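Residue-level structural notes
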Amino acid sequence: MLDWMILPFKRYAEFSGRSRRMEYWSFALLTFVVYVVCLAIMMAGGLSLAALSNPEMAAAQQPGALFYVGGGLVGIFALAAFIPNLALNVRRLHDRNMSGWFLLVLIVLSAVPFIGIL
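Here is a short report on the structure shown in this document. (Residues numbered from 1 in each chain as written. Predicted model: local features only at pLDDT ≥ 70, side-chain atom pairs only at ≥ 80, totals over all residues. Heavy atoms only, no water.)

**Digging into the environment of Gly70**
What counts here: Secondary structure follows DSSP: runs of H or I at least 4 residues long count as helices, runs of E at least 2 residues long count as strands, and numbering of each begins at the N terminus. Note on exposure labels: buried denotes an accessible area under 20% of the residue type's maximum, exposed denotes more than 50%, and partly exposed covers the range between, all computed with a 1.4 Å probe on protein chains only. It only takes one pair of heavy atoms within 4.5 Å for two residues to be counted as in contact.
As for its placement among the helices and strands, Gly70 is situated in helix 5 (residues 65-95). The exposure class of Gly70 is buried, given its relative accessible area of 0%. Each C-alpha atom of the pair Gly70 and Val37 lies 8.4 Å from the other, and the pair is 33 residues apart in sequence. Leaving out residues up to four positions away in the same chain, Gly70 has contacts with Cys38, Ile41 and Met42.

Spelled out as structure tokens, the structure:
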């Protein structure tokens, strides 16, 4: 299963071809696990959910170094996984006999609130 998880990184910017469901969902599981681990690191560094809901408490509480390490890891992983994720989604659309440009249409429609609802 680990092979399926890292396959989108091996096929980094390959927008042609097809991707199986196993590749798509394994990569989704990998990104979910990475984000949960980074969130756990951030919470160990001083981020608390109570502080997020109470602004006065958030002002009094300063995050520690682990918070910034976790935030940095999230940023690095998000940048590293952006193009493979985009390519994987395009290949998955090809597997459904749809054009990859359909993904661009979905992104644009979701960015414009009222058109996206339609």
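Now that the structure has been shown, the text picks up again.
**Considerations on the packing of helix 1 (residues 2-10) against helix 2 (residues 21-44)**
Cut-off, in case you're wondering: Only the contacting stretch of a helix is used when fitting its axis, a line to C-alpha atoms as for every element, and angles between N-to-C directions run 0 to 180 degrees. Here the word oblique covers every angle except those under 35 degrees (roughly parallel), over 145 (roughly antiparallel) and from 65 to 115 (roughly perpendicular). Each residue receives one of three labels: charged for Asp, Glu, Lys and Arg, nonpolar for Ala, Val, Leu, Ile, Met, Phe, Trp, Tyr, Cys and Pro, and polar for the others, Gly being one of them.
At a minimum axis distance of 7 Å, the contact between helix 1 and helix 2 shows a crossing angle of 95°. Our classification of the angle between helix 1 and helix 2 gives roughly perpendicular. Residues Trp4, Met5, Leu7, Pro8 and Phe9 of helix 1 touch helix 2, and the partners they reach there are Met22, Glu23, Ser26, Phe27, Leu29 and Leu30. Of the residues that constitute the contact of helix 1 with helix 2, the class distribution is 9 nonpolar, 1 polar and 1 charged.

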